[in-house]
Amino acid sequence: MKALVTGISGQDGYFLTQLLKSRKYEIHGIIRRNSSMGTGTMALLPDEVRDEVEIHYGDINDAHFVTSIIAREKPDELYHLAAQSFVGYSFQNPFSTYDSNIGGTLNICNAVKDVSSDTRFYFAATSELFGHPAQTPQNENTPFLPRNPYAISKLAGIWTTRTYRDAYKLFISNGILFNHESEVRGPEFVSRKISIGVAKIYRGSNNPILLGNLNAVKDWGYSKDYVYGMWQMLQQDTPDDFVLGTGESHTVRDFVEAAFKEIDIGLEWKGSGLNEVGICNGRTLVKVSKEFLRPLESENYRADYSKAKKKLKWEPKTNFQQLVKIMVRNDIARLGKAGLE
Ligand code: F7E
């Protein structure tokens, strides 16, 4: 079996590559060329996995590049993970977010239709489509009410893939994945920002962690569990859309408390709004900064993943506490080797 992965250098690409390798796939990955020729999370893969991946440098916004690679490789499975995926950035740069997330997805849909219509194609949709959901928990039938440019771009993406699936009888499955994190998550996302901040404090830093909305409610799971669900979606007889999540809601504040608990620090909260701080023994360890507040927040996230459970036999294996532990311990170990940055 041959798989092509866009966005292979991101967090999900890291876990998906290892899963595909363990299943003996021939793996091809697309990475956008940059001046440093950085390969992101691929640099963290075990040598024997990384060495087996054929990297194609190029941009998914380049229709000619996308079509030629899909025509040449004719992959059995295509995982379209590449995106501008940071919601905060999408408020500052909506145009480039739309360009990559809508234009890139459209290029892939067209290429699959024109030159490789037997390819099974996974599209990374998102729980951000629910925005300000009318119901909790959210499932595949919950209306999409996006509240940020990233989510709007993914709304266009999912309707593009659904339309191509119906119009041209393509095998395209959409994963509506809730937040999924890990030890290789980008440091701009709140989970990793917290785990790195806590690890630094454990290693002696005096800098408090600066955060935005502590009351945002998310459903956080472990990326490694979710890429298995992606793969399963492409092993079904028919294409479909699936919600993956844990069914548990937590606030950013819960994440912070759980992370500090890993280093035996019990936080106490004082003040409110921009003046709220997390302290322990008179020392300020967490502060709120308006720099990290968003113009609009998505709300009340909790996944109802019963369809995936029934049809894919998929279930998350890692709960919230285990996820926080994995992340904090990993960052403590990493900083131990590297010293404080
Ligand atoms: O924010 C709040 C922030 O940036 C989580 C992406 O993978 O999941 C991710 O999107 C929450 C938000 O992820 C800070 O306001 C507070 O409510 O880690 P995040 P996200 O926006 O939920 C979805 C499912 C995707 O599809 C996306 O691609 O945390 N928050 N303080 C903060 N967020 C950040 N980044 N930094 C803060 O200091």
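Look above for the structure.
Undergrad: Could you give me a rundown of the layout of surface pockets, with the residues and numbers involved?
TA: Its volume calculated, the second largest pocket comes out at about 190 Å³. In this structure, the second largest pocket is lined by 12 residues; those nearest its centre are Lys193, Ile196, Gly197, Lys200 and Pro208. Breaking the lining of the second largest pocket down by element, the ones donating at least two residues are α7 (190-202) and β8 (209-211). Here the lining of the second largest pocket gets five residues from one element, more than from any other, and that element is α7. In the lining of the second largest pocket, the residues fall into six nonpolar, three polar and three charged.

Undergrad: Please give an account of the pattern of salt bridges that cites residues and values.
TA: Side chains carrying opposite charge are able to pair once their charged atoms draw close together. Evaluated as defined, the whole model comprises 18 salt bridges. Here Asp241 and Arg162 are joined by a salt bridge, their closest N and O atoms 2.8 Å apart. Note that Asp241 is positioned in strand β11 (residues 241-244) and Arg162 in helix α6 (residues 149-168), a separation of 79 residues in sequence. For the pair shown, Asp241 and Arg162 are each scored as buried. Glu315 serves as the salt-bridge partner of Lys309, at 3.8 Å between the closest nitrogen and oxygen. Residue classification places Lys309 among the partly exposed positions, given a relative accessible area of 42%.

Undergrad: Quick one: what's the story with the sheet that holds strand β15 (residues 283-288), residue by residue and with numbers?
TA: Taken in spatial order, the four strands line up as β8-β15-β14-β13 in an open sheet, and their pairing is mixed. Edge positions in the open sheet fall to β8 and β13 (268-270), since each of these has one partner strand only. Strand-to-strand twist in this sheet, taken as the mean axis angle between neighbours without regard to direction, amounts to 30°. Here β8 runs beside β15; their pairing, made up of three bridges, is parallel. Of the residues in β15, the one forming a bridge with Leu210 is Lys287. Along the sheet, α7 makes contact with β8 and β15, crossing β8 at roughly 160°.

Undergrad: Kindly report on the packing of aromatic side chains, identifying the contributing residues and their values.
TA: Throughout the structure, instances matching the rule amount to 14 aromatic pairs. Consider the rings of Phe15 and Tyr222, whose centres lie 5.6 Å apart with planes at 65°: the pair is edge-to-face. Taken as a pair, Phe15 in helix α1 (residues 11-22) and Tyr222 in strand β10 (residues 221-222) lie far apart in primary sequence, 207 residues in all. Per residue, the accessibility class of Phe15 equals that of Tyr222, and both read buried. Consider the rings of Tyr228 and Trp231, whose centres lie 5.8 Å apart with planes at 25°: the pair is stacked.

Thresholds applied
Within every chain, residues take consecutive numbers counted from 1 along the sequence as written. In keeping with the model being predicted, local features are shown solely for residues with a pLDDT of at least 70 and side-chain atom pairs are shown and tallied solely at 80 or more, while totals for entire chains, interfaces and linings include all residues. With hydrogens and water excluded, all non-hydrogen atoms of the structure serve as input to the side-chain values. A cavity here means a set of 1 Å grid points, computed over protein atoms only, where a 1.4 Å probe fits but cannot escape. A pocket is an open set with protein on both sides within 12 Å along at least 5 of 7 lines, and lining residues have an atom within 4 Å of a point. Grid points are joined across faces, edges and corners, and a volume is the space filled by probe spheres set on the points. Only DSSP runs of H or I covering at least 4 residues are called helices, and only runs of E covering at least 2 are called strands; the numbering of each starts at the N terminus. Under the scheme applied, nonpolar residues are Ala, Val, Leu, Ile, Met, Phe, Trp, Tyr, Cys and Pro; charged residues are Asp, Glu, Lys and Arg; polar residues are all the others, including Gly. Here a salt bridge means any side-chain nitrogen of Lys or Arg lying within 4 Å of a carboxyl oxygen belonging to Asp or Glu. The classification of residues rests on relative accessible area computed with a 1.4 Å probe and restricted to protein chains. Under 20% of the type maximum is buried, over 50% is exposed, and intermediate values are partly exposed. Strands qualify as paired when DSSP identifies two bridges or more between them. Where helices are involved, their axes are fitted lines through C-alpha atoms of the stretch in contact, as for all axes, and angles between N-to-C directions lie from 0 to 180°. Contacts are assigned to residue pairs with any non-hydrogen atoms lying within 4.5 Å of each other. Centres within 6.5 Å make a pair out of two Phe, Tyr or Trp rings, where for Trp the six-membered ring is used; the pair is then stacked when the planes are under 30 degrees apart, edge-to-face when over 60, and tilted otherwise.

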